[in-house]
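Per-entry structural report
The chain contents come next:
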Amino acid sequence: MTRVALVTGGSRGIGAACCRLLAARGYAVVVNYAGNEAAAQAVVAEIAGSGGRAVAVQGDVAVEADVLRMFAAADALGMLGALVNNAGVVDLPARVDEMSVERLNRMFSINIIGSFLPSREAIRRMSTKHGGKGGGIVNLSSAAATLGAPGQYVDYAASKGAIDSFTIGLARELAAEGIRVNAVRPGVIDTDIHASGGWPDRVAQVRDSLPMKREGTAEEVAQAITWLLSDEASYVTGAILNVSGGRG
Ligand code: NAP
């Protein structure tokens, strides 16, 4: 039976790179997106053009009904074997004493609950306790979890700190049920996320301060994620892998 991978936020950036690589490894892929249908369909078309299978599914990771819909789409494709909790957001630079409750609710809902809900659905399908055949979950943390992002977005950094704890706890909770749970902590990666944080030139501006004097690519992060999901990482669970070129 076809093994299925569900990638939240698979339409752009790191998520899109994960979709392409997982499809190349033989997974049928659910490409979740929030609003950019054209980008999601472009990823699906690229995968189909290379002989793979993928479907685009709109849905907000923080909304339970949407998450259930994404997993129904995965069930229609085959047997779930992998989940990448990739969808995540930043916000405009602000100090904590300037943050509205609306901002905090959005940040923590998407970045934290938006990883818990898909994980819950994946566990119900993959855990041997529920009759499943096992699988892998990879969470997207950030170098910000250890750096704190002062003056920029401490709320984002804290949401990724929660992802680190989530990864450790969930890995231990599921270790005897055939599911490995790991995280990657990307550094500065060349994607659209910096523009959405109000700092479109961030990569160019910080490049020289990075240990390798360059940013990372979405593909470099996706390679690490794909490895964590593969059998080559069969004794790796609860790991939080820096993919940051030495930053953080
Ligand atoms: P990105 O280029 O901004 O892409 C974000 C993706 O998430 C898009 O596919 C977007 O869908 C989707 N998305 C946003 N909100 C969503 C929601 N509520 N529900 C479902 N999907 C949603 O981001 P990225 O840079 O690839 O980042 C991916 C992950 O890596 C995030 O968790 C981020 O925190 C983490 N990370 C990134 C960096 C970096 O430097 N880029 C560094 C550390 C960690 P649409 O296309 O429909 O908008």
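Attention in this report is confined to the structure presented alongside it.

Parameters at a glance
- Within every chain, residues take consecutive numbers counted from 1 along the sequence as written.
- The predicted origin of the model limits local features to residues at a pLDDT of at least 70 and limits the giving and counting of side-chain atom pairs to 80 or more, whereas totals for whole chains, interfaces and linings rest on all residues.
- Hydrogens and water molecules were not included; the side-chain quantities draw on all heavy atoms of the structure.
- Only C-alpha atoms enter the line fits that serve as axes; for helices the fit covers just the stretch in contact. Angles between N-to-C directions range over 0 to 180 degrees.
- The helix and strand labels rest on DSSP assignments: H or I over at least four residues marks a helix, E over at least two residues marks a strand, and numbering proceeds from the N terminus.
- Oblique is the label for any angle not covered by the other classes, which are roughly parallel (under 35 degrees), roughly antiparallel (over 145) and roughly perpendicular (65 to 115).
- What makes a crossing left-handed is the near helix being turned counterclockwise from the far one by less than a right angle; a clockwise turn instead makes it right-handed.
- Whether two residues touch is decided by their heavy atoms; if any such pair falls within 4.5 Å, the residues are in contact.
- Polar here means any residue outside two lists: the nonpolar Ala, Val, Leu, Ile, Met, Phe, Trp, Tyr, Cys and Pro, and the charged Asp, Glu, Lys and Arg; Gly therefore counts as polar.
- Residues belong to a common nonpolar core when they are buried Ala, Val, Leu, Ile, Met, Phe, Trp, Tyr or Cys residues joined through side-chain atoms within 4.5 Å.
- In this scheme, a residue with accessible area under 20% of its type's maximum is buried, one over 50% is exposed, and one in between is partly exposed, where area comes from a 1.4 Å probe on protein chains only.
- Ring pairs shown here join Phe, Tyr and Trp side chains whose ring centres sit within 6.5 Å, with only the six-membered ring taken for Trp; geometry is labelled stacked below 30 degrees between planes, edge-to-face above 60, and tilted in between.
- For cavity detection a 1 Å grid was placed over the protein atoms alone, and a set of points counts as a cavity when a 1.4 Å probe fits there but cannot get out; an open set counts as a pocket when protein lies on both sides within 12 Å along at least five of seven lines, with lining residues being those that have an atom within 4 Å of a point.
- Grid points are joined across faces, edges and corners, and a volume is the space filled by probe spheres set on the points.
- Two strands pair under a simple rule: DSSP has to find at least two bridges between them.
- The criterion for a residue being near a molecule or strand is simple. One of its heavy atoms has to lie within 4 Å of it.
- Counted as a polar contact is a pair of N or O atoms within 3.5 Å, where, for protein atoms, one must be capable of donating a hydrogen and the other of accepting one, and residues adjacent in sequence contribute only when both atoms are in side chains.
- Where accessible areas are quoted, they stem from the Shrake-Rupley method and a 1.4 Å probe; at the residue level, only the protein chains shown are allowed to cover.
- Call a crossover right-handed when, viewed with both strands pointing away from you, the route from the first strand across the helix to the second goes clockwise.

Attention now goes to the packing of helix H1 (residues 13-24) against helix H9 (residues 218-229). In contact at an axis separation of 8 Å, H1 and H9 are set at 50 degrees when each is read in the N-to-C sense. Considering their axes alone, H1 and H9 lie oblique with respect to each other. Relative to H9, the crossing made by H1 is right-handed. Contact with H1, carried on its side by Gly13, Ile14, Ala17, Cys18, Arg20, Leu21 and Leu22, involves Ala218, Glu219, Val221, Ala222, Gln223, Ile225, Thr226 and Leu229 of H9 and no other residues of that element. Tallied by class, residues from the contact of H1 with H9 come to ten nonpolar, three polar and two charged.

To continue, consider the nonpolar core. Leu6, Phe71, Leu80 and Ile137 are the most contacted members of the largest nonpolar core, which has 36 residues in total. Those elements that provide at least two residues to this core are strand E1 (3-7), strand E2 (28-33), helix H3 (64-77), strand E4 (79-85), helix H4 (101-126), helix H6 (154-174) and strand E6 (179-186). At seven residues, the largest contribution of residues to this core is made by H6. If we skip the residues at most four places from it in the chain, Leu6 touches Val30, Met70, Phe71, Ala74, Leu80, Ala82, Leu83 and Val84.

So, on to the packing of aromatic side chains. What describes a pair of aromatic rings is the distance from one ring centre to the other and the angle between the planes of the rings. A full pass over the atoms with the stated rule returns two aromatic pairs. A ring pair is formed by Phe116 and Phe166, whose centres lie 4.1 Å apart and whose planes are at 25 degrees; its orientation type is stacked. Residue Phe116 is found in helix H4, and its partner Phe166 is found in helix H6; the two are separated by 50 residues along the sequence. Ring centres of Tyr153 and Tyr156 lie 4.9 Å apart, and the angle between their planes is 65 degrees; on these two criteria the pair is classed as edge-to-face. The buried category is assigned to Tyr153, whose relative accessible area is 6%. Under the relative-accessibility criterion, Tyr156 is labelled buried at 9%.

Attention shifts here to empty space enclosed by the protein. Taken as a whole and assessed by the stated rule, the structure comprises one cavity of 30 Å³ or more. Its volume calculated, the largest cavity comes out at about 40 Å³. In this structure, the largest cavity is lined by Val90, Pro93, Gln152, Tyr153, Ile193, His194, Gly197, Trp199 and Arg202. Broken down by class, the residue content of the lining of the largest cavity amounts to five nonpolar, three polar and one charged.

A separate point is the sheet that holds strand E7 (residues 240-243). What the seven strands build is an open sheet, ordered E3-E2-E1-E4-E5-E6-E7; its pairing is parallel. The open sheet terminates on both sides in strands that have one partner only, identified here as strand E3 (54-58) and E7. When strand polarity is set aside, the average angle formed by the axes of neighbouring strands in this sheet is 20 degrees. Across the sheet, H1 touches E1, E2, E4, strand E5 (135-140) and E6, and the angle it forms with E1 is around 170 degrees. Lying on the sheet, helix H2 (residues 37-49) is in contact with E2 and E3; it crosses E3 at an angle near 170 degrees.

Another point: the site of the ligand. Lining the immediate environment of the ligand, one finds 31 residues, of which Ser11, Arg12, Gly35, Tyr156 and Thr191 sit closest. The separation between an oxygen atom of the ligand and a polar main-chain atom of Ile14 is 2.8 Å. Taking His194, its side chain carries an N or O atom lying 3.3 Å from an oxygen atom of the ligand. The protein chains hide 94% of the 910 Å² of surface that the ligand would expose on its own. At the level of elements, H1, E2, H6 and helix H7 (193-196) are the ones that each hand at least two residues to the shell around the ligand. Taken together, the residues that form the shell around the ligand break down as 13 nonpolar, 14 polar and four charged.

This part is about the pairing of E2. Taken across its six residues, E2 has six buried, putting it largely inside the fold. For the handedness criterion, the β-α-β arrangement of E1, H1 and E2 is classed as right-handed. Pairing between E2 and E3: five bridges, direction parallel. Bridge assignment links Asn32 to a residue of E3, and that residue is Val57. Handedness of the crossover joining E2 and E3 through H2: right-handed.

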